Amino acid sequence: MHAEAKQHDFEPKIVAFVCTWCTYAGADLAGTSRMQYPANVRVLKFPCTGRIDPVFILRAFQKGADGVLVSGCHPGDCHYMAGNFHARRRFAAFRALLDFVGVDLHRLQFSWVSAAEGGKWVEVVTELTERVRAMGPMLEFKSLEHEEQWSAFQAMADVPGVVNTPELKEAYDKI
Amino acid sequence: MSRIGVFVCHCGENISRTVDVEQVASAAGEIPGVAYACDYKYMCSDPGQNLLKKAVAEHKLDGVVVAACSPRMHEKTFRKAASAAGLNPYLCDMANIREHCSWVHEDKKLATAKASDIVKLMVERVKKGKSLAPITVPVTKRALVIGGGIAGIQAALDIADAGHQVVLVEREPSIGGHMAQLSETFPTLDCSQCIMTPKMVDVANHPNITLHTYSEIEKVEGYIGNFQVTLKHKARSVDESKCTGCGICMTKCPKKKIPNEFDQGHGLRTAIYVPFPQAVPNTPVIDRENCTMFQSGKCGVCAKVCGPGAVDYQQEDRFSVEAVGAVVVATGFKLYSIDRKPEGSPIQGYGEFGYGAIPDVIDGMTFERLASASGPTGGKILRPSDGKEPKQVVFIQCVGSRAREKGISYCSKVCCMYTAKHTMLYHHKVHDGQAYVFFMDARTPGKGYDEFWRRAVEEEEAVYIRGMVSRLYQKGEKIVVMGSDIQVGVQVEIEADLVVLATAVQAQDGADLLAQKLGISYDKYNFYSEAHAKLKPVECATAGIYLAGACQGPKDIPDTVSQASAAAAKVMTLFSKDQLERDPVVAKVNEKYCVGCLACKKVCPYGAVEEKEIRDRQGNLVKVVAYVNPGVCGGCGTCQATCPSKSVELDGYTDEQIMAMIESL
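Just so it is clear, the model here is predicted, and its values are computed rather than measured.

Chemist: Would you mind going over the interface of chain A and chain B with me for this structure?
Modeler: For an interface, size is often stated in terms of accessible area lost upon the parts coming together. Facing the 44 residues of chain A at the interface are 43 residues of chain B. Carbon and sulfur atoms make up 59% of the area that chain A and chain B hide from each other, which totals about 3,900 Å². Among the salt bridges present, the one from K63(A) reaches E663(B), with a minimum N-O distance of 3.5 Å. In this assembly, chain A and chain B are joined by 20 residue pairs in polar contact (both at pLDDT 80 or more). At the level of secondary structure, the elements contributing two or more residues to the side of chain A that touches chain B comprise β1 (14–19), α1 (23–32), β2 (41–46), α2 (54–62) and α3 (83–101) of chain A. When its residues are assigned to classes, the side of chain A that touches chain B shows 25 nonpolar, 9 polar and 10 charged.

Chemist: For this particular structure, what's the right way to read the nonpolar core?
Modeler: One broad trend across soluble globular proteins is that nonpolar side chains are buried collectively. If you look at the biggest cluster of nonpolar residues, it comprises 95 residues, and the most contacted ones within it are F17(A), L44(A), I57(A), V68(A), F7(B) and L52(B). Here the element with the most residues in this core is helix α5 (residues 108–127) of chain B; it accounts for 8 residues. In this structure, V68(A) is in contact with V15(A), F17(A), I57(A), A60(A), F61(A), R107(A), L108(A), Q109(A) and L128(A), ignoring residues within four places of it in sequence.

Chemist: Would you mind showing me how to read the domain arrangement of chain B here?
Modeler: As far as domains go, chain B holds domain 1 (4–133), domain 2 (142–234 + 317–332 + 508–575), domain 3 (248–305), domain 4 (337–506) and domain 5 (587–664). A separation of 74 Å is found between the C-alpha centroids of domain 1 of chain B and domain 3 of chain B.

Chemist: Would you mind going over the state of the cysteines with me for this structure?
Modeler: By definition, a disulfide is the covalent link that joins the sulfur atoms of two cysteine residues. Residue and element names in this part refer to chain B. For the structure on display, the rule yields 2 disulfides over all chains. The disulfide partner of C191 is C194, and the gap between their sulfur atoms is 2.3 Å. Residues C191 and C194 are joined through a disulfide that is right-handed, its torsion about the S-S bond being 90 degrees. The exposure class assigned to C191 is partly exposed, which follows from its relative accessible area of 25%. Judged by relative accessible area, C194 falls into the exposed class, the value being 51%. C9 carries a free sulfur, and the closest cysteine sulfur to it, the one in C11, is 5.2 Å from it. Under the relative-accessibility criterion, C9 is labelled buried at 4%.

Chemist: Any chance you could explain the confidence of the model for chain B here in plain terms?
Modeler: Chain-level statistics for chain B give a pLDDT mean of 92 and a share of 98% at 70 or above. Our summary of model confidence lists the complex with pTM equal to 0.72 and ipTM equal to 0.84.

Chemist: I would appreciate a short explanation of the packing of aromatic side chains in the present structure.
Modeler: Note on aromatic pairs: each is described by the distance of the centres and the angle between the planes. Under the definition given, this model contains 16 aromatic pairs over all chains. Look at F7(B) and Y36(B): their rings are 5.8 Å apart centre to centre, the planes differ by 55 degrees, and that puts the pair in the tilted class. Placement of F7(B) in strand β1 (residues 4–9) and of Y36(B) in strand β2 (residues 34–40) is noted, with a sequence separation of 29 residues between them. No difference in accessibility class separates F7(B) from Y36(B), as the two residues are buried. Aromatic ring contacts, followed pair by pair, group F17(A), F46(A) and F56(A) into a single cluster. Just above the ring of Y24(A) sits the side chain of K45(A); from NZ or CZ to the centre is 5.3 Å. Sitting over the face of the ring of Y214(B), K234(B) holds its NZ or CZ atom 4.8 Å from the ring centroid.

Chemist: What is the right way to read the packing of helix α2 (residues 46–58) of chain B against helix α3 (residues 71–84) of chain B from this model?
Modeler: Angle between the axes and distance between the axes: these two values describe a pair of packed helices. Residues and elements named next belong to chain B. In contact at an axis separation of 9 Å, α2 and α3 are set at 40 degrees when each is read in the N-to-C sense. By the criterion of interaxial angle, the relationship of α2 to α3 is oblique. The handedness of the crossing between α2 and α3 is right-handed. Where α2 approaches α3, its residues Q49, L52 and K53 are matched on the opposing element by T77, F78, A81, A82 and A84.

Chemist: Is there a simple way to explain unusual backbone geometry in this structure?
Modeler: Among all residues save glycine, negative phi is the norm, and among peptide bonds the norm is trans. All names here are of chain B. The amide bond that connects F186 to the next residue, P187, takes the cis arrangement and shows omega of -5 degrees. Position of P187 among the secondary structure elements: in the loop between β8 (184–185) and β9 (190–191). Following V280, the chain continues to P281 via a peptide bond in cis, the omega torsion being 0 degrees. Looking at the secondary structure, you find P281 in the loop between β15 (272–273) and β16 (285–286). A positive phi angle, near 50 degrees, is found at C11, a position not held by glycine. Phi at R402 takes a positive value of approximately 55 degrees, unusual for a residue other than glycine. Along the polypeptide, R402 turns up in the loop between β21 (392–399) and α12 (415–429).

So, how was this worked out
- Residues numbered from 1 in each chain as written.
- Chains lettered and ligands numbered in written order.
- Predicted model: local features only at pLDDT ≥ 70, side-chain atom pairs only at ≥ 80, totals over all residues.
- Heavy atoms only, no water.
- Contact = heavy atoms within 4.5 Å.
- Buried area = accessible area lost by both parts, 1.4 Å probe.
- Salt bridge = Lys/Arg side-chain N within 4 Å of Asp/Glu carboxyl O.
- Polar contact = N/O pair within 3.5 Å; in protein donor to acceptor, adjacent residues only side chain to side chain.
- Helix = DSSP H or I, 4+ residues; strand = E, 2+ residues; numbered from the N terminus.
- Nonpolar A, V, L, I, M, F, W, Y, C, P; charged D, E, K, R; others polar.
- Core = buried A, V, L, I, M, F, W, Y, C linked by side-chain atoms within 4.5 Å.
- Buried < 20%, exposed > 50% of the residue type's maximum accessible area, 1.4 Å probe, protein only.
- Domains from an automatic or database assignment.
- Disulfide = S-S within 2.5 Å.
- pLDDT = per-residue confidence, 0-100.
- Phe/Tyr/Trp six-rings, centres within 6.5 Å; stacked < 30°, edge-to-face > 60°.
- Lys NZ or Arg CZ within 6 Å of the ring centre and 35° of its normal.
- Axes fitted to C-alpha atoms, helices over the stretch in contact; angles between N-to-C directions.
- Parallel < 35°, antiparallel > 145°, perpendicular 65-115°, else oblique.
- Left-handed = near helix turned anticlockwise from the far one by under 90°.

Shown next as structure tokens:
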């Protein structure tokens, strides 16, 4: 895979939450096999996918991640016997919530990558990166933050001495 | 403010080729909390490690990040170096900029940016890290072996020979298990009893082995190195300490026509009996359900004839508690019952094969007993219905096994080989007889196995028919077997005198209940699960419990013995230390915030979460909180992600650490 480095307008930020026993080792194998994949992914190691609190995913999106990957051992292969089952169940419910909140679920990927699947790791990361790249930056949380601040500003409109005019809003939006 | 040191490794050229290491080091120096940053050609070399040690002392560092290869490669190396420099080893972490960066990216700019990010992540992690001390637990150097078949015997002998005390528990009146029932064993055709009974005697005579037969596991408490196991000693009605094993009680017992379980119901025994003549211990047991004394209160012959007065009709079940440090589970298998659907089992019966209804349709183990010199026929192959020598015998393989529609999808592994052996034994004993085998595939992996099977086909004249049997029925004295030969593409009909079914190997009765007592996991067939299919095949995921033999899945004798010795080796490794030291990545409960919902207890795969009562000075119950036993906790952190009040925390992976890492993205 010696494709010439293409210039992209947008380099998405991908955060991967992986378990140490399967996917982290699988990513290591991709390295020792000198496979190539986009450099957009940042890996956070956990003992088990069971340790991954959905809040971490939300926080990652909030902190500017454009895509999140959660990956662990295949069902039945969990080093801790059942951690990945708990994770699977938890994220099945969490996906629905994320959807409800308005996050495009294409930005979130769950996968099972074993310690022997360096190639699969490359595939999963490449696919997610390219998908998110096509989708563009994740703006939902940023616009939400923007709205929140504006409404906080507006709440102060009743406070004597605070001016609230359309010109001001326009000026605020430009910030 | 922290004083973290960052050491960026070139790894020769492995990292520096695609990552600008100087830039990564200088960027790391800018991260708040980093007191020192440098780069070096080979961090893992002696000078590299010395550089780290010197920097820790010179710059008064309180945490270290080594940006180099995967932590799976050198985490131990650098933690040791940090520890030598007086730092807590758990405050040393690695940023993986080789496997996860330089080796997988070609663009130097992007790779350098990524490497800097990875370093930043790890710096944040170490900043929020805590000093941790390895957990030590004492080890009781005494092992419990559950099951007295060949697996349990081998494991017990190996551990005992290493000088450790072993408690061997067997639920039947004698040890020996299924192997003692076999006539001859593949692929060498040596007599099973000849190689088995000396081992049984060794167990009985070994000074380090305490044997408890006719006993079961009642309760298991504790954790690795420190188990308390309650044993139930079923009432034998014979005092083991008095009995001399003369056997006069058995000769005088008036109840003589009870089907003998050891001979698969084809031989007869008395109500006071030993299962087979070579039983260990050679102490009889009274079968209370069949004993006239217990049923009507009138008899007492055995007590009258017993010289040492060992017969005790008043004996009751007894309980004892054994303290052990490790457990080897070797409970073996049972054979699939094809006529009756076992209660509560997903497995369907095989009524169409007539087992149970047609007396001359038998299973493989019954054939073993017919072929055995110590069996009910004295080693002659005679059919059960009329005692005639069968001239045409049909063997049917994969009865139950590999039949998804019947509920079992696995291969029982031993049937191909033992059926080949049966055809040979039959041919050796009935020279003018003909053996037919219906088979799907002949699966013969193993040393000398395929040669053995070929011998059955080529030299011992067994006719192998690839195909399954659809139906069989009684016609006069014969059993008509209807099947298909898919290689020739014709229907086959054989008038057989005897039909032998190679029924599936299944988990032992009550295997699931024992697993629940031990806190080990089992699959949908009730076979016990190993910790890792490839790299931890004898360990259970529950620390301190090991598996041996067919309780884990169908296995032949060589595999069983190998695994038993492997399990024994694991136990010996455990017993080689007085104190157990383990990674301190365990969960801890903040009792102040814990509301005692025990959601963590439900999800804990190790059963490490216990309830703990908090009382005030007057002894009144204030509240119940969760408590994580550090000796049992495996450190997966599922409890933490589940805890609604965030009051349980996994050391080394705290919310604070992870949040700090995410913030730095």
